[in-house]
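# Reading the structure
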Amino acid sequence: MPQPVTAPRLHALSLRRTLLLGILLPVFAFLLINTLVLYRQALDAADTAYDRTLLATAKSLGEQLRVTGSGNDVRIESTLLYSALEAFEADNRSRIYYRVSGLQGEMVSGFDDMPAWRRDIPQENLYAALVNFYDDEYRGVPVRMAVLLQPVSGVYEQGMATIQVAETLELRETLARQILIDTLWRQAALVLLIALVVVFVVQRATRPVRAISHALGARSENDLSPLPTEGAPRELLPLLDATNQHMLRLSHLLEHQKRFVRDTSHQLRTPLAVLKTQVQSAQRGDVEPLQALEEIGHTVQRATELANQMLALAKVEQLRQEKSAPVHDWSAVVRLVALDLSALIAERALDFSITTQPASVRAHEWALRELSRNLLHNAIKNTPAGTALTVALVTDARTAALTISDEGPGISAALRERLFQPFATEPRQNTSVPGSGLGLAICREIVQSLGGAIDLDNRTQSGQVRGLDATVRLPLATPNPSA
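Residues numbered from 1 in each chain as written. Predicted model: local features only at pLDDT ≥ 70, side-chain atom pairs only at ≥ 80, totals over all residues. Heavy atoms only, no water.

Glancing now at the sheet that holds strand β6 (residues 141–153). Read across the sheet, five strands follow the order β4-β3-β7-β6-β5 without closing on themselves; strand pairing throughout is antiparallel. Each edge of the open sheet is held by one strand with a lone partner, namely β4 (107–110) and β5 (131–138). Going across the sheet, the axis of each strand differs from the next one's by a mean of 25°, ignoring polarity. Across eleven bridges, the pairing between β6 and strand β7 (residues 158–168) is antiparallel. (Pairing = 2+ DSSP bridges. Helix = DSSP H or I, 4+ residues; strand = E, 2+ residues; numbered from the N terminus. Axes fitted to C-alpha atoms, helices over the stretch in contact; angles between N-to-C directions.)

Of note in the backbone geometry, R139 takes a positive phi value of approximately 55° without being a glycine. Along the chain, the position of R139 falls in the loop between β5 and β6. Of note in the backbone geometry, A349 takes a positive phi value of approximately 55° without being a glycine. Its place among the elements puts A349 in the loop between α7 (342–347) and β9 (351–356).

Turning to the nonpolar core, a few remarks are in order. Nonpolar side chains in soluble globular proteins tend to end up buried together. Ranked by size, the top nonpolar core spans 39 residues in total, and within it W330, L368, L371, L375, L376, V472 and L474 carry the most contacts. For this core, the secondary structure elements donating two or more residues are α6 (330–340), α8 (365–382), β11 (388–395), β12 (399–406), α10 (439–449), β13 (453–461) and β14 (464–475). Top contributing element to this core by residue count: α8, with eight residues. Ignoring any residue separated from it by four or fewer positions in sequence, one finds L375 in contact with I404, L440, C443, I454, A470 and V472. (Core = buried A, V, L, I, M, F, W, Y, C linked by side-chain atoms within 4.5 Å. Buried < 20%, exposed > 50% of the residue type's maximum accessible area, 1.4 Å probe, protein only. Contact = heavy atoms within 4.5 Å.)

Under the criterion given, the structure shown has eight salt bridges. The partner of R139 in a salt bridge is D113, with the nearest N and O atoms 3.1 Å apart. With R139 in the loop between β5 and β6 and D113 in the loop between β4 and β5, this residue pair connects regions lying 26 residues apart in the sequence. On the basis of relative accessibility, which here comes to 41%, the residue D113 falls in the partly exposed class. Here D469 ties to R459 by a salt bridge, and the two come within 2.5 Å at their closest N and O atoms. Remark: R459 occurs in strand β13 and D469 occurs in strand β14; sequence separation between them is ten residues. Note on D469: relative accessible area 19%, which makes it buried. Each of D51, D135 and R144 takes part in a single network of salt bridges with overlapping partners. (Salt bridge = Lys/Arg side-chain N within 4 Å of Asp/Glu carboxyl O.)

Printed below as a string of structure tokens:
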């Protein structure tokens, strides 16, 4: 058998992929930002720790200073050798440079090519000293600079020396890279753990969806039974309920099609067999040609009426599947149907009367016309000649009611339950007029599709049946304010 055509699935949306991306991407973005923040905080902590070392170095330099001379010959001298600074170097990856400036900014000790400090001491300081830290460049290499204003004194004079200490950033950068690598490893491990947990949770959460998919795939093409909802997650219940309702509608439609094909093949077989027999009899000359043509015409007419009624029944089911219908005035449709059947009414010399009120109902005009025609035509056929036939359409606040009353023999209790069944006969008491078995079935299907109700009630007087009232009630499209 041919394989069903499926739509391309290259761009199909994966629920698991959506959940994974929707969870992991924000987590990854948060961890990335958190990593940068932690890295900056670690760098600030490292700068604080190494800045304390620079400050200790500057203070050590200040302890080796003294003021000599007096008057105009006052000057600052330093007794520190550069080799003494090796104790402050963390390792051989970093270098320390210094410069000591005197009272007038003159060079006292250190590296004379180091630019003199020309800044101000910050107003807020974490240290109990007149110190300033900043990033600079010395001999083409980035350095961290510490400037300390150190009071010095001698026997006769005192003054303020400026001590500059610069350290290269190799050790700080190495520490920063190590902090970054350690942080990234921990964050990567955390992301991996979260990913594993999310994959496990998503896999477990989507298990019911995969189970439903497998169950549907394993079904036969004619299996439209409802999907089980026991144990399904609460989020899937609306989808399952909607799917079950859709499958129920498909089941009804499929059953209707099967019944239509079965009934059609069964009901048309009899008139076609009769027609074949009549044609053969005419060919053999068993009956007169005119009589044979008349019999063939009656058979064709009955078969045509039956086919039209079966098509009407199928069309009712088609209209039932439509979600919306236009609004029509039922009273106008009833009067047009009565006008169409006026010849039959006159042929049976019926005392016919009709009264209607405007009634706006939501229905296809064909359905209203078919409903009214079947009820009125059925009443005309089963009403004794010369009796009364009344049609009344009235409305209340919410519904419109069409009542067709005749003076026929009514229906028996035994036949009442079978009258609305397809292809059930519609004989009345004390009448020989047979029905097609589809007229009232069509009426019931139309009324049910429009959300109404249909009743057939015998009208009695003194315990005797005086006629039949066929009543159809349909909801109004808009409330009737005058009712």
